Amino acid sequence: MSRTLTYREALREGLDEELARDPNVVLMGEEVAQYNGAYKVTEGLWKKWGDKRIVDTPISEAGFIGMGIGASMLGIRPVMELMFWSFHSVAFDQLVNNAACVRYMSGGLINCPIVMRGPANGGTGVGATHSHIPEGLFAAFPGLKVCAPATPADAKGLIKAAIRDNDPVYVMENTLLYGTVGEVPDPSEGDHVVPLGLADLKRMGSDISLIAHGRSVIHALAAAEILQAEHGISAEVLDLRSIRPLDVDAILATVKKTNRVVLVDESKPFGGVSAMVATLIQEHAFDYLDAPIKRVCTLDAPAIYSHHIEHLQLPNPSRIVEKVLTIK
Amino acid sequence: MSRTLTYREALREGLDEELARDPNVVLMGEEVAQYNGAYKVTEGLWKKWGDKRIVDTPISEAGFIGMGIGASMLGIRPVMELMFWSFHSVAFDQLVNNAACVRYMSGGLINCPIVMRGPANGGTGVGATHSHIPEGLFAAFPGLKVCAPATPADAKGLIKAAIRDNDPVYVMENTLLYGTVGEVPDPSEGDHVVPLGLADLKRMGSDISLIAHGRSVIHALAAAEILQAEHGISAEVLDLRSIRPLDVDAILATVKKTNRVVLVDESKPFGGVSAMVATLIQEHAFDYLDAPIKRVCTLDAPAIYSHHIEHLQLPNPSRIVEKVLTIK
Amino acid sequence: MSTAQLDSPRLDFAGSAVNRELTPERKIDLLRQMIRIRRFEQAALKYYNAGKMNGFLHLYIGQEAVATGTISLCGENDHVITAYRDHGHALAVGMDMNSCMAEMYGKQTGCSKGKGGSMHFFAPDKNYWGGHGIVGGQTPLGLGLAYGLKYLGREGCCLCYLGDGAVNQGAFHESLNLAALFDLPVIYVIENNGYSMGTSQKRSSAYRGCLAQRAEAYDMEWDVIDGSDLYEVRAKTHIAMERARKEHRPSILEISTYRYYGHSVADANAKKYRSPEEIENYKQNHDPITLFRKRLIEEGIVTDEQADQISKEAAEEAAAACRFADESPAPTIPDIMTDVYWETDNQTPASRIGHHFFND
Amino acid sequence: MSTAQLDSPRLDFAGSAVNRELTPERKIDLLRQMIRIRRFEQAALKYYNAGKMNGFLHLYIGQEAVATGTISLCGENDHVITAYRDHGHALAVGMDMNSCMAEMYGKQTGCSKGKGGSMHFFAPDKNYWGGHGIVGGQTPLGLGLAYGLKYLGREGCCLCYLGDGAVNQGAFHESLNLAALFDLPVIYVIENNGYSMGTSQKRSSAYRGCLAQRAEAYDMEWDVIDGSDLYEVRAKTHIAMERARKEHRPSILEISTYRYYGHSVADANAKKYRSPEEIENYKQNHDPITLFRKRLIEEGIVTDEQADQISKEAAEEAAAACRFADESPAPTIPDIMTDVYWETDNQTPASRIGHHFFND
Ligand SMILES: Cc1ncc(C[n+]2csc(CCOP(=O)(O)OP(=O)(O)O)c2C)c(N)n1
Ligand SMILES: Cc1ncc(C[n+]2csc(CCOP(=O)(O)OP(=O)(O)O)c2C)c(N)n1
Ligand SMILES: [Mg+2]
Ligand SMILES: [Mg+2]
């Protein structure tokens, strides 16, 4: 039995279920409680769970995120909302040193079962400082885990896995996906948990592999339809879902099947998740590649504001189709 | 006519010359003045140039770096020392938003002729939080420039280029190189400026290309000697010197010559400069590659303290040799 | 600030030196400036709702006396920098409505060529350094402008604005310490409209008397100002600016004010976290434009009709700006790749060495 | 704190309740604790100079009464977190010399398995949460420990230490506001040794009376304490701890103290930014161990000989710790890859899905 939920509702349901499951789960962030969340992900939760479990914070990301990390060391399981993931910049030290390194530096005596979540995307006309895409940035730090759901079902499943995980997990949501709908298993069928580290083949194909995560998956799926309809090209779409841990086996499997790859990644082209995936593929499936791996990334400039062209700076189906067609 | 200077002296000479050239150049940072610099790079400069030009700051990296950025918008040319580049974490917002984006967001009305410099390396027994290697991290932000000199001559030449550049340039030095010596052109021969964006072929070879930057260049050169002497393998060593702008032509040239590549990069393996370089090579020199590109990075964990094995977590000549020998 | 403070017996600041020297024309200009800001934003709101803009629209309506009053004191060496609620300051420094409106429309003719949007207006030629979206992120930049002024030996100061919610960002505190330690001519103007998004001052900040008093921690001067009274804003800000210019001493000024609309136009909760009575009270009793207009009429400087005429002209100017913006060309894809680096924009020799960009 | 304050007429805190209840044995323990810290570090210094350690060695010598006095007040629900100058606190919470010394030697038997080093001692089983190298970075963590205590309904508090230079980090200020706003049982202990590296307090901080007074900005309680007097440290800290435990109210305590050595052993300038007279004055007149030893002799609780014996035993314990450390095995390459993730360390099902590591 399956229902249709928005990505936002799916996240909320996941949060709500985990709040019910474990009294140490506490949601914190700016405007998450009384205001119901800047993007309404936490709508109704404060009313249901009250002041202790759903906590509004001042605009002090370094302070409250560090506070969450400290509390997690004592066994609390904070789920911290960054109103935008872009605001990681003012809390970076807490995010990459305290959360990522305290276990290591203590020789394993401490762990930080904390979740940081919020939207991490461009495309909403809020300019350069508000449109960072930091999946690759954080996945580069051993000690951290990173995931980026593309669908409502994955959003619910991954947020639940993240909360149960005993390591810091950074969940990258997407403002432009919050309103999208999809089937999500009914709670009566049991816990819907999507493990970290497991990619999902969102579309089968034989000619080329499109590998993506987050909203780029949606673009890749749209591009695959066009490629099929207009060019007779059968594209397989692999949704990474989790960036670290990363499902390297699934990546190599699709490459070995199609022998051609286009990576779709909302990151800027210097680095990003796709540079890492390209590096892994060329190293571990070198003999299977019939053509160089190509990438469709965000055009290499700070995010432009103008809504007339902002979407053209980002990966989109037509840029993907074009890129695929350059591959012989 | 050439003299031998340490890397530290070469940097200092470069700073001194630029202080003399332009009265708007001002050095700032923690302990750079009266203390002569935590690593003595600025030794003697306060005595020579006084309070106005060499400024000690409190331990407020976000505050004073942002202050430097603001001053640079008005035409001052601040050269900011981060005692360790690792402390970027507490100033990240200023570094990646204000410095990197203000030109863009103002439609080109503003520029930030600022330099941020300091040591960025592991290997000195200071643990995870003090051993970050952020070249790749910052190069990922369009708007920023990044370089990483490996020799005294390059250190002097690049710091001078950085100070004259009208964009923000982040210079990644290395504590373990400060004491190393090398020839540096005499000032009487004219200004020694090494342009950003120009790689340097530090050793010619024909069998394999070792591509590196920073201290990894030194390891690559040592490995090349071993490969020649013990295995009859002729390795070419390309020193990137500048990460952004990046000398892609030089990278492709050496690959097209040797057809085999090992990238040496002190970054952690997820991402880093080397993942980007690998991605570029496989894309633009696909048909020239006789084997997958391999990398020697720092072992994928936070930096360990123990000096008994810290150097083994980092790239070193024997790890490079081993890696080269895996390539058929 | 509490309404209690606002409602306490008022001093008349019209007589302070900096206000006494105002000519009637200048006073009318000040009224016009406030009205222009309001009409500009009303027009922006209309076309935002009509889908002409994207992202956030943070309206300044209700706060006009703060930008107008403080910036009216600026001389050629005084500089201005603020957060994302930046339209009022932009017009107050003398930016024209066309380039501001076009910026919001995302057009090439925008002050930032459509690259910055509503939160990122800039006009360095008018000593206006933005428009910054990261809460508190502009506060070290303002410090740097003050540093630059002092370094260059110019007698001037920097007015750096921030909200009541922004005072809890660490960068602001680092800036306060540096400002006091280095004796920098910066004035931090807290525009206290009582709320950071849906969070009241009490729910976001711990403080003793008021937020400005945090200055004492750094042995810095501070003052509180009623932001509905343009004369008071000018009188008290003038003191801080002179202290900065002449003695290189920084200050915090906390100016109580109010925004009539939500945090941004997208703020669906605007009437949930604030009572309708509270909003109505401000509009009725503390509106800076109404009060100043009334004052100038009392002073015999304008008539009702003249004031209406000013208002009408401002509305027409704003409407024209919307037409200008609408008819302007949008940026094209190549525009995405300019204004990243000074060196590449200027096609310098340096820009031809190495790859600066990595588009696939 | 200025010497003026230190030299003002002293109160005798021996009579305060929390000191009156000390048994003679407990008093001797306190003396022993301070002496153990000093002997431990003297041994560390010796072997650091002999090349047995790497990185930094930040000695606590001179500051012993701060960690010893404050931590002596801790009960089972009180927690401790500090910066990189962390040996004193480690021994004070009851960590053994062997595992601490072995940590600095970079050995498997170290408290952090040789992964953290001198700056990163940890013992969560003793409520000791490190040892943190980024200046100010531990201050939000301390807040979090306090948050956790309150959340879990435990009557306890968190002592979070920082230096006089660390007060200018933004994260600390964000923490202060949060502590006061949320009523969290955290006590920020500024160990004011007068210098951050080579920078004196005056050159790094703007302040009115003292650094602790910055608490007023957040309507928070504060106090200043003479850190050479163990009784005073205990008496005043006790008040703050009770306020935290019973009323969930935070405090800042500024404890004046002094480090005899340089910032770290690598600090070649230690005698340049401070006059030899200044250093000598502290050693002669304000040494916490000398003073407390003298006091206990005056109180008739120990004899000179007994005190010497304590000192000798501590030195022997430290020497033994060095032997233990020296003989312990170093970590091996596989050790580099453990303690990164809880899930992989514990070989959970989750750890078997996907690649967690990317070694080539
Ligand atoms: C670092 C950071 N955190 C959060 C935000 C989101 N945000 C934008 S404005 C705002 C409220 C700021 O309130 P205040 O400082 O009082 O200014 P006002 O909006 O009232 O002018 C928040 C939370 C942001 N832009 N930057
Ligand atoms: C964010 C950051 N900036 C700079 C440093 C380098 N650093 C380490 S300790 C120190 C001085 C700190 O002085 P203080 O807080 O007074 O503590 P003390 O050393 O006196 O105990 C500095 C500058 C650091 N570790 N972290
Ligand atoms: Mg506000
Ligand atoms: Mg100190």
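What counts as what
Residues numbered from 1 in each chain as written. Chains lettered and ligands numbered in written order. Predicted model: local features only at pLDDT ≥ 70, side-chain atom pairs only at ≥ 80, totals over all residues. Heavy atoms only, no water. Helix = DSSP H or I, 4+ residues; strand = E, 2+ residues; numbered from the N terminus. Rg over C-alpha atoms; globule rule 2.2 N^0.38 Å. Buried < 20%, exposed > 50% of the residue type's maximum accessible area, 1.4 Å probe, protein only. Contact = heavy atoms within 4.5 Å. Areas by Shrake-Rupley, 256 points an atom, 1.4 Å probe, with all protein chains shown as cover. Near = heavy atom within 4 Å. Polar contact = N/O pair within 3.5 Å; in protein donor to acceptor, adjacent residues only side chain to side chain. Buried area = accessible area lost by both parts, 1.4 Å probe. Salt bridge = Lys/Arg side-chain N within 4 Å of Asp/Glu carboxyl O. Nonpolar A, V, L, I, M, F, W, Y, C, P; charged D, E, K, R; others polar. Axes fitted to C-alpha atoms, helices over the stretch in contact; angles between N-to-C directions. Parallel < 35°, antiparallel > 145°, perpendicular 65-115°, else oblique. Left-handed = near helix turned anticlockwise from the far one by under 90°. Donors = N, O, S within 2.8 Å, 3.2 Å for Na, K, Ca; no water. pLDDT = per-residue confidence, 0-100. Least-squares fit on C-alpha atoms with pLDDT ≥ 70 in both. Disulfide = S-S within 2.5 Å. Expected span 1.5 Å × (residues − 1).

J.: Tell me about the overall build of chain C, and name the residues and values.
T.: When helices and strands are counted, chain C shows 15 helices and seven strands. Scaling as 2.2 N^0.38, a compact globule of 360 residues should have a C-alpha radius of gyration of about 21 Å, and chain C matches this with 20 Å. With the principal axes as the frame, chain C shows a C-alpha extent of 65 × 50 × 45 Å. Buried positions account for 65% of the 360 residues belonging to chain C. Excluding contacts between residues fewer than 6 apart, the proportion of contacts in chain C whose partners are at least 24 apart in sequence is 73%. Taken as a whole, chain C presents about 12200 Å² of accessible surface, with 50% of it coming from carbon and sulfur.

J.: I'd like a rundown of the site of ligand 2, residues and numbers included.
T.: Around ligand 2, the structure places 22 residues, and the nearest of them are Glu61 of chain B together with Tyr84, Arg85, Gly133 and Asn193 of chain D. Positioned at a junction of chains, ligand 2 has nearby residues supplied by chains B and D. Contact between ligand 2 and Asp164 of chain D: an oxygen atom at 2.9 Å from a side-chain N or O atom of the residue. Tyr195 of chain D is positioned such that a nitrogen or oxygen atom in its backbone is 3.0 Å from an oxygen atom of ligand 2.

J.: Just give me the short version of the interface of chain A and chain D, but keep the residues and values in it.
T.: Taken together, the 60 residues of chain A in the interface contact 47 residues of chain D. Counting the surface lost from both chain A and chain D, the interface buries some 4200 Å², and carbon and sulfur atoms represent 67% of this. Among the residues chain A hides against chain D, the three largest losses belong to Leu74, Tyr104 and Met105 of chain A. Together they make up 17% of the total. A salt bridge links Arg103 of chain A to Asp345 of chain D, with the nearest nitrogen and oxygen atoms 2.7 Å apart. In this structure, the connection of chain A to chain D is made through 22 residue pairs in polar contact (both at pLDDT 80 or more).

J.: Describe in detail the site of ligand 1, supporting the description with residues and values.
T.: By nearness alone, 22 residues border ligand 1, and Glu61 of chain A together with Tyr84, Arg85, Gly165 and Asn193 of chain C come closest of all. Chains contributing residues near ligand 1 are chains A and C. Between ligand 1 and Gly165 of chain C there is a distance of 2.8 Å, counted from an oxygen atom to a backbone nitrogen or oxygen. Side-chain polar atom of His263 of chain C to an oxygen atom of ligand 1: 3.3 Å apart, as the coordinates give it. The fraction of the free accessible surface of ligand 1 (590 Å²) that becomes covered by protein chains is 95%.

J.: Before we move on, could you go through the interface of chain A and chain B and cite the residues and values that matter?
T.: Every contact between the two is made by 45 residues of chain A and, on the other side, 45 residues of chain B. Both sides together, the interface formed by chain A and chain B hides about 4100 Å², and carbon and sulfur atoms give 69% of it. Ranking the residues of chain A by area buried against chain B places Tyr104, Phe270 and Phe286 of chain A at the top, with a combined share of 19%. Applying the counting rule to chain A against chain B returns four salt bridges. Linking Arg244 of chain B and Asp300 of chain A is a salt bridge whose minimum nitrogen-to-oxygen distance equals 2.8 Å. Among the secondary structure elements, those contributing two or more residues to the side of chain A that touches chain B are α4 (92–105), α5 (135–139), β12 (242–244), α9 (272–284) and β14 (294–296) of chain A. Considering only residue class, the side of chain A that touches chain B consists of 28 nonpolar, nine polar and eight charged.

J.: Residues and numbers for the packing of helix α7 (residues 138–151) of chain D against helix α8 (residues 170–182) of chain D, please.
T.: All names here are of chain D. Orientation of α7 relative to α8, taken along the N-to-C sense of each, is 20°, at an axis distance of 8 Å. Of the possible angle classes, the one that applies to α7 and α8 is roughly parallel. Relative to α8, α7 is oriented so that their crossing is left-handed. Seen from α7, the contacting residues are Thr139, Pro140, Leu143, Tyr147 and Lys150; seen from α8, they are Ala171, Phe172, Ser175, Leu178, Ala179 and Phe182. For the contact of α7 with α8, the class distribution of residues is eight nonpolar, two polar and one charged.

J.: So what's going on with the coordination of the magnesium ion (ligand 3)? Residues and values would help.
T.: Residue and element names in this part refer to chain C. The coordination sphere of the magnesium ion (ligand 3), as far as protein atoms go, consists of Asp164 (OD), Asn193 (OD1) and Tyr195 (O), spread over 2.1 Å. Read in sequence order, the donor residues coordinating the magnesium ion (ligand 3) give the pattern D-x28-N-x1-Y. Comparing Asn193 with Tyr195, the two get one shared label, buried.

J.: Kindly report on the coordination of the magnesium ion (ligand 4), identifying the contributing residues and their values.
T.: By definition of the ideal shapes, four donors in a tetrahedron about a metal sit 109.5 degrees apart, and six donors in an octahedron sit 90 or 180 degrees apart. All names here are of chain D. Each protein donor to the magnesium ion (ligand 4) is listed here as Asp164 (OD), Asn193 (OD1) and Tyr195 (O); together their distances run 2.0 to 2.1 Å. Linear spacing of the donor residues for the magnesium ion (ligand 4) on their chain is D-x28-N-x1-Y. Remark: Tyr195 occurs in strand β4 (residues 195–196) and Asp164 occurs in the loop between β2 (158–163) and α8; sequence separation between them is 31 residues. Assessed through its relative accessible area of 1%, Asp164 is described here as buried. On the basis of relative accessible area, Tyr195 is assigned to the buried category, the value being 11%.

J.: Lay out the confidence of the model for chain C in plain terms, naming residues and giving numbers.
T.: Residues and elements named next belong to chain C. In the predicted model, chain C carries a mean pLDDT of 96, and 98% of its residues have values of at least 70. Across residues 1–6, where pLDDT falls below 50, the model places twelve contacts with residues more than four positions away in sequence or in other chains. Two summary scores accompany this predicted model of the complex, namely pTM at 0.98 and ipTM at 0.98.

J.: Help me get a handle on the pattern of salt bridges, residues and values and all.
T.: Residues and elements named next belong to chain A. A complete count under the given rule lists 101 salt bridges over all chains for this structure. One salt bridge connects Arg117 with Glu81, and the closest N-O pair in it is separated by 2.8 Å. Linking Arg117 in strand β5 (residues 115–119) with Glu81 in strand β4 (residues 77–81), this pair joins segments that are 36 residues apart in sequence. Both residues of the pair, Arg117 and Glu81, belong to the buried class. Salt bridges here are not isolated pairs; linked through shared partners, they connect Arg3, Glu13, Glu17, Glu18, Arg21, Lys156, Lys160, Arg164, Asp186 and Asp191.

J.: Outline the environment of Gly144 of chain C, listing residues and values.
T.: You can see Gly144 of chain C is positioned in helix α7 (residues 138–151). Along the backbone, Gly144 of chain C and Cys158 of chain C are 14 residues apart, and their C-alpha atoms lie at a distance of 9.0 Å. Here Gly144 of chain C is in contact with Met67, Gly70 and Ala71 of chain B, once residues within four sequence places are set aside.

J.: How would you explain the relation of the copies chain A and chain B if you had to name every residue and give the values?
T.: For the match of chain A to chain B, the screw axis carries a shift of 0.0 Å, the RMSD comes to 0.0 Å, and the turn is 180°. Seen this way, the second copy is the image of the first under a two-fold rotation axis. Mapped onto chain B, 100% of the interface residues of chain A again fall at the interface, so both copies present the same surface.

J.: Explain the state of the cysteines to me, and be specific about the residues and the numbers.
T.: Covalent bonding between the sulfur atoms of two cysteines defines a disulfide. Applying the stated criterion to the full structure yields zero disulfides over all chains. Counting only cysteine sulfurs, Cys112 of chain B is the nearest neighbor of Cys101 of chain B, a cysteine outside any disulfide, at a range of 10 Å. The class of Cys101 of chain B is buried, set by a relative accessible area of 3%. Residue Cys297 of chain B stays outside any disulfide, its sulfur separated by 17 Å from that of Cys101 of chain A, the closest cysteine. In this structure Cys297 of chain B comes out as buried when scored by relative accessible area, which is 1%.

J.: I'd like a description of the environment of His173 of chain D, backed by residues and values.
T.: For His173 of chain D, the position within the fold is in helix α8. Since its relative accessible area comes to 2%, His173 of chain D is described here as buried. The spatial distance from the C-alpha of His173 of chain D to the C-alpha of Tyr218 of chain D is 9.3 Å, given a sequence separation of 45 residues. Residues contacting His173 of chain D, with those up to four places away along its chain left out, are His173 and Tyr218 of chain C together with Val167, Arg214 and Tyr218 of chain D. Engagement of the side chain of His173 of chain D in a polar contact is seen with the side chain of Tyr218 of chain D, the distance being 3.0 Å.

J.: Report on α7 of chain D, specifying residues and quantitative values.
T.: Residue and element names in this part refer to chain D. Under the 1.5 Å per step criterion, the end-to-end length of α7 is 20 Å for 14 residues, consistent within 8% with the ideal 20 Å. The element α7 is largely enclosed, with a buried count of 13 among its 14 residues. Just downstream of α7, Gly153 is the residue with a positive phi angle, here 75°.

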